[in-house]
Amino acid sequence: MARGKLRIYLGAAPGVGKTYAMLAEAHRRLERGTDCVVAYVEHHGRPRTEVLLHGLEQVPRGRLAHRGASFEEMDVDAVLRRAPAVALVDELAHTNVPGSRNTKRWQDVEELLAAGIDVVSTVNIQHLESLGDVVESITGVRQRETVPDEVVRRADQIELVDMSPQALRRRMAHGNVYQPDKVDAALSNYFRPGNLTALRELALLWVADRVDEHLNAYRSEHRVSRIWGSRERIVVGLTGGPEGRTLIRRAARLAEKGAGGEVLAVYIARSDGLTAASPKELALQRTLAEDLGGTFHHVVGDDIPAALLAFARGVNATQIVLGSSRRKAWQYVFGPGVGATVARESGPDLDVHIVTHEEVAKGRGLPVARGSRLGRGRIVAGWAMALAGPALMALLLNAVDLGLANDMLLFLAITVAAALLGGLLPALASAALGSLLLNFFYTPPLHRLTVSDPRNIVAIAIFFGVGMAVASVVDLAARRTHQAARLRAESEILSFLAGNVLRGETSLEALLERVRETFAMESAALLERAGDLEPWTCAGRAGHGPPLERPEDADVDMPVGDHMALALTGRVLPAEDRRVLAAFAAQAAVVLDRRRLKAEADRAGALAEGNRIRTALLAAVSHDLRTPLAGIKAAVSSLRSDDVAWSEEDRAELLEGIEEGADRLDHLVGNLLDMSRLQTGTVTPLIREIDVDEVVPMALVGVPEDSVGLDVPETLPMVAVDPGLLERSVANLVENAVKYSPPGQRVTVSASALVDRVEVRVVDRGPGVPDDAKDRIFEPFQRYGDAPRGAGVGLGLAVARGFAEAMEGTLTAEDTPGGGLTMVLSLRAARPEPPCAGQDIAEQERQPQ
């Protein structure tokens, strides 16, 4: 079945006429022969709206009782049975009365749409979930009824029902919206002119954004590359230089002059990561653009003018703002520059503004390498060879005449050596100095800086060119070696991250510490926020840097999505390091998500275990508690019967059965309550020091006489326990042991001291338990072997272990030598009194409170 279509009338505030417009649309559809019904419409006592309900079929509403009152809600089943072509459903964000089919009305609407029914609905802008904080800041009222934005965005049609604040206030004053006794309060509070104006702007902008989405989708589907100037959209081209803030402010002023103007700041980065941009400056410019209502975009492209124009056309921009070039006059020999190229290729649809600033013609500030790639030692040796080598060679050749060709080869060898050692600059210096010495000492006329033979000029030029070529090759090789080493380091880091993703080993704090160590930073923190208007919170950090409240406060800010950022303090990183940092940031987000998913899985596991316990509890209540209740009921009914004359022995036997059933009920209910306390984590032991021989005998009350032998020395050290929990644990252990002991075999309860622990042992001679079942018998609702259902619900041992662990003790099962089972309850011995008043504070703090 085809899904139904959703049409929404969106208003800025109550009373603008959404329901009226919806009912008017219903009458138009009826006139066209469409099967249209009213599933739920609330007219709120407004006469004109109520009149429009006449002539429309209304599906009967469902009635629900809640807290002693009766409420009406939309009857989804009735609408589905009626199966109209169009259903009118008012107040999309409404919260249904508890007990309804769905929690929210928009969920009811989803059912109707899934059934192929078209729905016409209404909603106010303040009920959109993403705008809750904004609406609260405007009106001071927190909207409790909200609808997810995605539900409204998916609507096939969204129609804005608009009304000026003055007109809406007049409608209210005339009593067309609220009852007369509520008008004054509404006009002076929620419906103030400023509030209504702000809400109206929110509604207009939200609808405009949706229209813009549809326009972009249409242009993409139909491959429309020509710019449609439906509204002013200004792109600011940033270089990362200090003039960027001036350009952003200028673009914001241009946007203010046009209706609905939008500013998009864009930075074009080269794909190789080489850039002169300061990450700190870019972060400041991004903050400024966002503060002025714009957006910041980071685009990768080696051809900056082409990338900038492609971005502008892709976002349907109408204007581009660029700064005057920072290049010096001589640098224009390399090309016309970005501004001139963009202006030439922008075409008639894009206006290009060239804005002057204080950095004009001050130089582009090309990136400076962080130290030489050849190493300081080689640089020094290269300069020594470049400066001293030609001079020493000239002194040597002045004593020996080898001819001009040999002299040039020797000087060339020195230049090559300088290039091999120090790279380009020492080689150029050696070539220049060698050329001067060759010209002065060895080319006619001698001892003059002139050359008479043109062939010598060619020879010197070749000498200089070879020197430069060799030096360039050496410098290029050094750069490639440096790049290879860097890429190897990056690949190792990325391999480490990929391995952690697969294995899931690294914690968030360990990963942040790895980031801090890799980039030699003082601190690293992962910041996140729930929404654009929410404050930043720290999800994890490493190092000892200052606390960060915003990513902009850090020296390095690497965004991860819209609401997460990796912030580092210590120094500003070059752009080439940000590629690996981006991988770290993405991995940090993955680790955080994995940690939260694990927590969710743990909670889900706990809920599943709780459901299993509740299921078993219901089974236990349905059978094990019913048996003693049935016995008690039968005995009481027999005693109250007038048809039978009971003897004293019979009456005593029946009363004894009632008492045994009541005791059994009391025991079962006690275990159930104890288990529920353990499952909900509400067991709070009151630890105090007490002797074991004061508690254990009290736990034996209720067991048959002569069925238990007690061996608890009075010389045992005191234990730090909750006496009530200890008594309950021992009682359950003894009861279980007596239950499974053969007739005539006594259960032994003994206690002994072991280092800083005291062990209580409950020994029986029953059938015992296999090793693979020794842990399973402590699970709730577990009864080993063929124990009859009437023997209990299988909670005794689970409660005993739970209470033991609550007191920082342990409970384990061991085999009894010669057959049987021994329960070992290990308790923490009380600490001896300190010898003096200055006892260790740390030890005091570890004592249970």
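How each quantity is defined
- Residues numbered from 1 in each chain as written.
- Predicted model: local features only at pLDDT ≥ 70, side-chain atom pairs only at ≥ 80, totals over all residues.
- Heavy atoms only, no water.
- Helix = DSSP H or I, 4+ residues; strand = E, 2+ residues; numbered from the N terminus.
- Buried < 20%, exposed > 50% of the residue type's maximum accessible area, 1.4 Å probe, protein only.
- Contact = heavy atoms within 4.5 Å.
- Areas by Shrake-Rupley, 256 points an atom, 1.4 Å probe, with all protein chains shown as cover.
- Pairing = 2+ DSSP bridges.
- Axes fitted to C-alpha atoms, helices over the stretch in contact; angles between N-to-C directions.
- Core = buried A, V, L, I, M, F, W, Y, C linked by side-chain atoms within 4.5 Å.
- pLDDT = per-residue confidence, 0-100.
- Patch = residues over 30% accessible without salt bridge, like charges linked within 9 Å, V, L, I, M, F, W, Y side chains within 5 Å.
- Salt bridge = Lys/Arg side-chain N within 4 Å of Asp/Glu carboxyl O.
- Lys, Arg positive; Asp, Glu negative; His and termini not counted.
- Charge placed at Lys NZ, Arg CZ, Asp CG, Glu CD.
- Expected span 1.5 Å × (residues − 1).
- Polar contact = N/O pair within 3.5 Å; in protein donor to acceptor, adjacent residues only side chain to side chain.
- Phe/Tyr/Trp six-rings, centres within 6.5 Å; stacked < 30°, edge-to-face > 60°.
- Lys NZ or Arg CZ within 6 Å of the ring centre and 35° of its normal.

The subject of this paragraph is the overall build of the chain. A count of helices and strands for the chain gives 25 helices and 24 strands. Taking all 849 residues of the chain together, the buried fraction comes to 42%. Pairs at least 24 residues apart make up 70% of the contacts formed inside the chain by residues separated by at least 6 positions. Summing over all exposed atoms, the chain offers an accessible surface of approximately 44900 Å²; the carbon and sulfur share of this is 56%.

For the rest of this paragraph, the subject is the sheet that holds strand S22 (residues 757-763). What the five strands build is an open sheet, ordered S19-S21-S22-S24-S23; its pairing is mixed. Two strands close off the open sheet at either side, each with one partner strand: strand S19 (708-711) and strand S23 (810-815). Taken pair by pair, the neighbouring strands of this sheet meet at an average axis angle of 20°, ignoring direction. Where strand S21 (residues 747-754) and S22 come together, seven bridges link them in antiparallel fashion. Pairing of alanine 753 across the sheet is with valine 758, part of S22. Packed onto the sheet, helix H23 (residues 723-740) meets S19, S21, S22, S23 and strand S24 (821-828) and runs at close to 170° relative to S24. Seen against the sheet, helix H24 (residues 796-806) touches S23 and S24 and runs at an angle of roughly 130° to S23.

Of all hydrophobic cores here, the largest spans 62 residues; its most connected members are Leu88, Leu112, Ile125, Val147 and Phe191. The greatest single-element share of this core, amounting to six residues, is contributed by helix H9 (residues 193-221). Once residues lying within four places of it in the same chain are set aside, the contact partners of phenylalanine 191 are Ala13, Pro14, Leu168, Arg169, Met172, Tyr178, Ala186 and Leu196. If you look at the next biggest cluster of nonpolar residues, it comprises 40 residues, including Val692, Leu700, Val760 and Phe778.

What follows covers the confidence of the model for the chain. Per-residue confidence for the chain averages 77 on the pLDDT scale, and 78% of its residues sit at or above 70. The element-level mean pLDDT for the chain is lowest in helix H25 (residues 841-845), coming to 37, with strand S6 (residues 86-89) highest at 94. The low-confidence segment residues 786-793, where pLDDT is below 50, has 19 contacts with residues more than four positions distant or belonging to other chains. Low confidence marks residues 834-849, where pLDDT is under 50. Its contacts with residues over four positions away, or in another chain, come to nine contacts.

On the surface, Trp383, Leu387 and Leu425 cluster together into a nonpolar patch covering about 310 Å² of accessible area. Position of leucine 387 relative to the elements: it lies in helix H14 (residues 376-399).

Attention now moves to a positive patch on the surface. Together, Arg249, Arg250, Arg253 and Lys257 give the surface a local cluster of positive charge. As for its placement among the helices and strands, arginine 250 is situated in helix H10 (residues 244-256). Accessibility expressed as a relative area gives 32% for arginine 250, which makes it partly exposed.

Bringing a negative patch on the surface into the picture now. On the surface, Glu648, Glu649, Asp650, Glu653, Glu656, Glu659, Glu660, Asp663 and Asp666 cluster together into a patch of negative charge. Within the secondary structure, aspartate 666 sits in helix H21 (residues 648-680).

A separate point is the sheet that holds S6. Ordered in space as S3-S2-S6-S7-S1-S8, the six strands form an open sheet in which the pairing is parallel. Lying at the two open borders of the sheet, with one neighbouring strand each, are strand S3 (57-58) and strand S8 (157-161). For strand S2 (residues 36-40) and S3, the ladder comprises two bridges, and the chain directions are parallel. Paired with valine 38 across the bridge in S3 is glutamine 58. Against the sheet, helix H1 (residues 18-31) makes contact with strand S1 (6-11), S2, S6, strand S7 (118-124) and S8, and its axis sits at roughly 145° relative to S1, the strand it touches most.

Spanning 18 residues, H23 covers 26 Å between terminal C-alpha atoms, matching the ideal 26 Å at 1.5 Å per step. Listed in full, the buried residues belonging to H23 are Pro723, Leu725, Leu726, Ser729, Val730, Asn732, Leu733, Val734, Asn736 and Ala737. N-cap assignment for H23: the residue whose side-chain oxygen lies 3.0 Å from the backbone N of glycine 724 is aspartate 722.

Here we come to the pattern of salt bridges. As enumerated under the stated definition, the model contains 29 salt bridges in all. The residue glutamate 759 makes a salt bridge to arginine 761 at a minimum N-O spacing of 3.4 Å. Between lysine 774 and aspartate 815 there is a salt bridge whose closest N-O contact spans 2.8 Å. A residue pair is termed long-range when its members are at least 10 positions apart, and lysine 774 in the loop between S22 and H24 and aspartate 815 in strand S23 qualify at 41 residues. We classify aspartate 815 as partly exposed; its relative accessible area is 45%. Shared partners join several salt bridges into a network, and the residues in it are Arg7, Glu25, Arg28, Arg29, Arg32 and Glu159.

By the element assignment, glutamate 73 lies in strand S5 (residues 69-73). Here the side chain of glutamate 73 touches histidine 94 through a polar contact of 3.1 Å, side chain to side chain. A polar side-chain atom of glutamate 73 sits 3.1 Å from a polar atom in the side chain of arginine 105. Apart from the residues within four sequence positions on either side, glutamate 73 is in contact with Tyr40, Arg61, Gly62, Leu64, His94, Thr95, Asn96, Val97, Ser100 and Arg105.

This structure, assessed with the given rule, holds zero aromatic pairs. We note arginine 61 situated over the ring of tyrosine 40; from NZ or CZ to the ring centre the distance is 4.1 Å. Taking NZ or CZ as reference, arginine 801 lies 3.9 Å from the ring centre of phenylalanine 778, over its face.

This part covers the environment of histidine 27. Secondary-structure assignment places histidine 27 in helix H1. Overall, the relative accessible area of 22% leaves histidine 27 in the partly exposed class. In sequence terms histidine 27 and glycine 55 are 28 residues apart; their C-alpha atoms lie 8.2 Å from each other. Each residue touching histidine 27, except ones within four places of it in the same chain, is listed here: Leu52, His54 and Leu56.

Quick look at the pairing of strand S17 (residues 564-569) now. Across the six residues of S17, six count as buried, placing the element largely inside the fold. Burial of S17 is two-sided: the residues Met564, Leu566 and Leu568 facing one way and the residues Ala565, Ala567 and Thr569 facing the other way are all buried. Of the pairings in the sheet, the one linking strand S14 (residues 523-528) to S17 comprises six bridges and is antiparallel in character. Bridge pairing in S17 links leucine 527 to alanine 565. Pairing between strand S16 (residues 556-559) and S17: four bridges, direction antiparallel. Bridged to valine 556 within S17 is leucine 568. Linking two consecutive strands that pair antiparallel, namely S16 and S17, is a turn of four residues; a positive phi of about 75° is found at glycine 561 within it.

Take the side chain of serine 430 next. Counting through the fold element by element, serine 430 comes out in helix H16 (residues 424-442). Among the residues examined, serine 430 registers a relative accessible area of 0% and is labelled buried. Polar side-chain contacts of serine 430 include one of 3.2 Å to the side chain of threonine 415.

Before going further, it helps to spend a moment on unusual backbone geometry. Residue arginine 67 is not a glycine yet carries a positive backbone phi of 55°. Inspection of the secondary structure assignment puts arginine 67 in the loop between strand S4 (62-66) and S5. At alanine 83, a residue that is not glycine, the phi angle is positive and equals roughly 50°. Within the fold, alanine 83 resides in the loop between helix H3 (76-82) and S6.

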